[in-house]
Amino acid sequence: MVQSRFADMVRGLDALTSLTLKHVRERWWNDAFGEFLESALKPKPGKRILDVGCGVGTAEISLARLQVSQLRLFGVDMIADRVREALTRVRGINARAGFSSADAAHLPYVDGVFDCTFCVAVLQHVRDVPMALGEFARVTRPGGRVLAVEPDNENRYWYSSIPAGMEAFELGRRFFTALALARGEAPPAAIGPALPGLFAAAGITPLSVDLFPVSGSFVGAPPAAVWKARAEAIEAAIALAPNDSVRRLGTDYGAAVARYGREATASGPAFVEIQNAMLFASVGQRPDSA
């Protein structure tokens, strides 16, 4: 599989098993993404940095390994079990990091306490994004930075040289959308490219946008391991379906991908598959006080 230079950030993503980038946050932290965070957040001695939607503390561990003296890291997450796991993980490396359970739209901090506030793949899950960004601005000091990294979940390029591949992709889009709606989740959103405008509306001055393409292609039939992994991922998704209607749609989807695999294998070296998604990393600044 030929991949873009940013694809290692999200190794293992596949449009046939996750049509959006909504549930793959922990795959983004390798050395390349750690370097990006460092350049965007500019951690320096004495700075206080808040990670909203911190998960299990992956970003805090990455930043702590920079060994910046007196750097204070804080993380909040809605899920208490993740907060507990984050606390356990950072104790193992003696990081100066604290965690708490909190809502992105109701941060438990006083105004202007952080030098930087950031989130990665969090706003796409938030129902009231303007309120959350307003909170980001409130807790960031004047002159401080705000960073948000979010995907465009509405637009994902997919091409297959055989009709069965195009049909499987469309059926997968229907299945994953139905699964999300049945589980009470919001449908895919193109929040990534909208970030600069959302920043401005929240009182955050947009400074820059970095685009990270997540791309991959097969020229020639993929190996059997690829089809096995796709089948297992689809089965796991079907197991999450809360009703028979969504399960039937998932079963039909699994059968379509299996058929696609057989036809791809039969096509041999003439087979081509190309996919691409996009991440948007927006950096903004809280305006200095007048």
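It should be emphasised that the depicted structure is a prediction, and the values quoted were computed from it without experimental measurement. (Residues numbered from 1 in each chain as written. Predicted model: local features only at pLDDT ≥ 70, side-chain atom pairs only at ≥ 80, totals over all residues. Heavy atoms only, no water.)

Q: Let's hear about the overall build of the protein chain: which residues, and what values?
A: The number of helices and strands found in the protein chain is eight helices and nine strands. Looking at the protein chain as a whole, 49% of its 290 residues are labelled buried. Taking contacts inside the protein chain between residues at least 6 apart in sequence as the whole, the part at least 24 apart equals 82%. (Helix = DSSP H or I, 4+ residues; strand = E, 2+ residues; numbered from the N terminus. Buried < 20%, exposed > 50% of the residue type's maximum accessible area, 1.4 Å probe, protein only. Contact = heavy atoms within 4.5 Å.)

Q: Any chance you could break down the environment of threonine 251 for me, citing the residues and the numbers?
A: Structurally, the position occupied by threonine 251 is in helix H8 (residues 244-267). Between the alpha carbons of threonine 251 and phenylalanine 175 there is a distance of 9.3 Å; along the sequence they are 76 residues apart.

Q: Before we move on, could you go through the pattern of salt bridges and cite the residues and values that matter?
A: Charged atoms that come close allow side chains of opposite charge to pair. Taken as a whole, this structure holds 10 salt bridges when the rule is applied. Members of the salt-bridge network, linked through shared partners, are Asp14, Arg230 and Glu273. (Salt bridge = Lys/Arg side-chain N within 4 Å of Asp/Glu carboxyl O.)

Q: Summarise the packing of helix H5 (residues 163-182) against H8; cite the residues concerned and give the values.
A: Relative orientation of the contacting elements H5 and H8 amounts to 155 degrees, with a least axis distance of 9 Å. Between H5 and H8, the crossing angle belongs to the class labelled roughly antiparallel. Taken as a pair, H5 and H8 cross one another with a handedness that is left-handed. Contacts between H5 and H8 involve Ala164, Gly165, Ala168, Leu171, Gly172, Arg174, Phe175, Phe176, Ala178, Leu179 and Ala182 from the first element and Val246, Leu249, Gly250, Asp252, Tyr253, Ala256, Val257, Tyr260 and Glu263 from the second. Classifying every residue of the contact of H5 with H8 gives 14 nonpolar, three polar and three charged. (Axes fitted to C-alpha atoms, helices over the stretch in contact; angles between N-to-C directions. Parallel < 35°, antiparallel > 145°, perpendicular 65-115°, else oblique. Left-handed = near helix turned anticlockwise from the far one by under 90°. Nonpolar A, V, L, I, M, F, W, Y, C, P; charged D, E, K, R; others polar.)

Q: Please provide a residue-by-residue account of the pairing of strand S3 (residues 72-77), values included.
A: The element S3 is extensively covered by neighbouring structure, given that five of its six residues are classed as buried. Of the pairings in the sheet, the one linking strand S2 (residues 48-52) to S3 comprises five bridges and is parallel in character. Of the residues in S3, the one forming a bridge with valine 52 is valine 76. Crossover connection from S2 via helix H2 (residues 58-64) to parallel S3: handedness right-handed. Between the parallel elements S3 and strand S4 (residues 97-101), the chain passes through helix H3 (residues 80-91) in a crossover that is right-handed. (Pairing = 2+ DSSP bridges. Right-handed = clockwise from strand over helix to strand, strands pointing away.)

Q: Break down the pairing of strand S6 (residues 140-151) for me, with residues and values.
A: In terms of residue burial, S6 counts as a mostly covered element, since nine of its 12 residues are buried. Here six bridges tie strand S5 (residues 114-120) to S6, and the two strands are oriented parallel to one another. By the bridge assignment for S6, cysteine 116 is matched with arginine 145. Regarding the hand of the β-α-β motif, the stretch spanning S5, helix H4 (residues 129-139) and S6 is right-handed. Strand direction decides the pairing type here: S6 and strand S9 (residues 272-285), joined by seven bridges, are antiparallel. Of the residues in S9, the one forming a bridge with proline 151 is leucine 279.

Q: Residue-level account of a nonpolar patch on the surface, with values.
A: Together, Tyr157, Tyr159, Met166 and Ile274 line one region of the surface with nonpolar side chains, adding up to about 350 Å² of accessible area. Note on placement: tyrosine 159 falls in strand S7 (residues 157-160). According to the relative accessible area criterion, tyrosine 159 is partly exposed, its value standing at 33%. (Patch = residues over 30% accessible without salt bridge, like charges linked within 9 Å, V, L, I, M, F, W, Y side chains within 5 Å. Areas by Shrake-Rupley, 256 points an atom, 1.4 Å probe, with all protein chains shown as cover.)

Q: Which residues make up H4, and what values do they have?
A: Among all positions of H4, only Val129, Ala132, Leu133, Glu135, Phe136, Ala137 and Val139 are buried. Its buried side turned inward, H4 meets S2, S5, S6 and helix H6 (191-201).

Q: Can you break down the packing of aromatic side chains residue by residue, with the values?
A: Inspection of the entire model under this criterion finds 10 aromatic pairs. Relative to phenylalanine 176, the ring of phenylalanine 175 lies with its centre 5.1 Å away and its plane at 50 degrees, an arrangement referred to as tilted. Members of the aromatic cluster, connected to one another through ring pairs, are Trp158, Phe169, Trp227, Tyr260 and Phe271. Across from the ring centre of tryptophan 227, 4.8 Å away, lies the NZ or CZ of arginine 230, which sits over that ring. (Phe/Tyr/Trp six-rings, centres within 6.5 Å; stacked < 30°, edge-to-face > 60°. Lys NZ or Arg CZ within 6 Å of the ring centre and 35° of its normal.)

Q: Can you tell me about the environment of aspartate 210, naming the residues and giving the values?
A: Mapped onto the fold, aspartate 210 is located in strand S8 (residues 205-219). Between the C-alpha atom of aspartate 210 and that of phenylalanine 280, which follows or precedes it by 70 residues, the distance is 5.8 Å. Those residues within four positions of aspartate 210 in sequence are excluded, and the remaining contacts are Phe36, Leu279, Phe280 and Ala281.

Q: So what's going on with the packing of helix H7 (residues 224-238) against H8? Residues and values would help.
A: Describing two packed helices takes the angle between their axes plus the distance from one axis to the other. One way to put it is that H7 packs onto H8 with a least axis distance of 9 Å and a crossing angle of 175 degrees. By the angle between their directions, the pair H7 and H8 is classed as roughly antiparallel. Each of Trp227, Arg230, Ile234 and Ile238 in H7 lies in contact with H8, whose residues at this interface are Arg247, Gly250, Thr251, Tyr253, Gly254, Val257, Tyr260, Gly261, Ala264 and Thr265. Looking at the contact of H7 with H8 residue by residue, the classes come out as seven nonpolar, five polar and two charged.

These figures capture arrangement, not role.
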